[in-house]
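One letter stands for each residue in the lines below.
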Amino acid sequence: GQDKAGYIWIGTNNGLQRFDGTRYETFRSRQNDPASIPNNNIGQILFDKIGNLLMLTADGRVGIFDTHHLSYHELTIKLKDESFLQHGRKLICDEQGNVMVLYIGAGLVTWNAEKQQFSDDYNFIPGTAKGDINDVIQQPNTKKYWISTQAGMSIYNSATRKFSDAAHNREKEGFIDKLGTVPRPGNFLFDSRGRLWFDAWVEGTSLMYAYDTKNNEVVLEKYSLSPLLKNYYELSGFIQQKNGTVWAKGLGVFAKYLEKEKQFQLVYNGYENEQSISYSRVNSL
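Notes on the structure follow. These numbers were taken from a predicted model, which means no experiment stands behind them.

Across its full length, the protein holds 1 helix and 24 strands. Expressed along its principal axes, the backbone C-alpha trace of the protein runs to roughly 55 × 55 × 35 Å. Buried positions account for 42% of the 285 residues belonging to the protein. Taking contacts inside the protein between residues at least 6 apart in sequence as the whole, the part at least 24 apart equals 40%. Working note: accessible area of the protein is about 15400 Å², and carbon and sulfur atoms make up 45% of it. The averaged location of the 32 negative side-chain charges in the protein is 2 Å from the averaged location of its 32 positive side-chain charges.

Put into structure tokens, the structure is as follows:
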């Protein structure tokens, strides 16, 4: 991510890096120094709406790295169910500035600035304190939150306080009728054209989906990379460039979406020269 001063910050498995356009400076854990990061393996970094650099480390801690004073401050997480600690974690920030920690497959907790802690007491999406929640994303410029569960997708409209899912599509969401029962959808991305991209493990393989919310139509359904890949692969998300190009990543996956052909093109995996790339897993783009 990029901060307001223009520095690029990169979370790696060997510390936090800051790039000033010329040089990299690396910040690592230092023994007996509480102002240093707690673990060198950084799972996720995220800038919130007021510019704080939030950090999720491999030991499950969540904190803020002060990009001005170059120091770390751990944030308190109040969990009522210790079994949450057995689940993977993901930081989420919505357009209103709400910051949440999702315990994948369990539930989520929300940050309260006044109390200075994360807790499900501050969750504003009903039913998210505990349950089989795989992913959550806010639909841009709306009050709608898309929530993934084992049974499929539900959409919570915080303006009307109504849920829509396959059992009760209260707001007649087109997506729910067409793709609402895809089990455990995840790795959500809303692109600039109003399309929701996600992947899901279906029929023993990792498949891609895309849904156009503006035109209420399915763009991709059960799209597989198996014809292009000879080896086992796993999808782990999408990103969109400023020019509109959508990319997919994952284990053995680095691919570009071709709009006209409505299919993905793999980036060749194998080192040939200094312009080539060789990869086993693409974690972040």
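After presenting the structure, the write-up continues.
This part is about the side chain of Arg-195. For Arg-195, the position within the fold is in strand S18 (residues 195-202). Only 2.7 Å separates the side chain of Arg-195 from the side chain of Asp-191, close enough to count as a polar contact. A distance of 2.8 Å separates a polar atom in the side chain of Arg-195 from a polar atom in the side chain of Glu-259. Once you skip the residues sitting within four places of it in the chain, Arg-195 turns out to touch Leu-189, Phe-190, Tyr-211, Asp-212, Val-219, Val-246, Tyr-257 and Glu-259.

The next thing to look at is the nonpolar core. One finds Trp-197, Met-208, Leu-220, Leu-225, Phe-238 and Phe-264 to be the most contacted residues of the largest nonpolar core, which totals 18 residues. If you look at the next biggest cluster of nonpolar residues, it comprises 17 residues, including Ile-176, Leu-179, Val-182 and Phe-198.

As paired elements, strand S23 (residues 253-258) and strand S24 (residues 263-266) share 4 bridges and run antiparallel to each other. Counted as the bridge partner of Ala-255 is Leu-266 from S24. Where S23 folds back onto S24 in an antiparallel hairpin, the turn is made up of 4 residues, including Lys-262, whose phi is positive at roughly 55°.

Before going further, it helps to spend a moment on the packing of aromatic side chains. Using the criterion set out here, one finds 22 aromatic pairs in the structure. Ring pairing ties together the aromatic residues Trp-146, Phe-175, Phe-188, Phe-190, Phe-198, Tyr-209 and Tyr-211, which thus form one cluster. Across the ring face of Tyr-7, the terminal group of Arg-18 is positioned such that the distance to the ring centre comes to 4.1 Å.

Turning our eyes to something else, we now look at the pattern of salt bridges. Applying the stated criterion across every chain, the model contains 16 salt bridges. A salt bridge links Arg-61 to Asp-59, with the shortest nitrogen-to-oxygen separation between them at 3.3 Å. According to the relative accessible area criterion, Asp-59 is partly exposed, its value standing at 34%. The shortest N-O distance in the salt bridge between Asp-81 and Lys-130 comes to 2.9 Å. Here Asp-81, found in the loop between strand S8 (76-77) and strand S9 (89-93), pairs with Lys-130, found in the loop between strand S12 (117-119) and strand S13 (133-138); they are 49 residues apart in sequence, far enough to count as distant. If you follow the salt bridges from partner to partner, you end up with Lys-78, Lys-80, Asp-120 and Asp-121 in one network.

Criteria and thresholds
Residues numbered from 1 in each chain as written. Predicted model: local features only at pLDDT ≥ 70, side-chain atom pairs only at ≥ 80, totals over all residues. Heavy atoms only, no water. Helix = DSSP H or I, 4+ residues; strand = E, 2+ residues; numbered from the N terminus. Buried < 20%, exposed > 50% of the residue type's maximum accessible area, 1.4 Å probe, protein only. Contact = heavy atoms within 4.5 Å. Areas by Shrake-Rupley, 256 points an atom, 1.4 Å probe, with all protein chains shown as cover. Lys, Arg positive; Asp, Glu negative; His and termini not counted. Charge placed at Lys NZ, Arg CZ, Asp CG, Glu CD. Polar contact = N/O pair within 3.5 Å; in protein donor to acceptor, adjacent residues only side chain to side chain. Core = buried A, V, L, I, M, F, W, Y, C linked by side-chain atoms within 4.5 Å. Pairing = 2+ DSSP bridges. Phe/Tyr/Trp six-rings, centres within 6.5 Å; stacked < 30°, edge-to-face > 60°. Lys NZ or Arg CZ within 6 Å of the ring centre and 35° of its normal. Salt bridge = Lys/Arg side-chain N within 4 Å of Asp/Glu carboxyl O.

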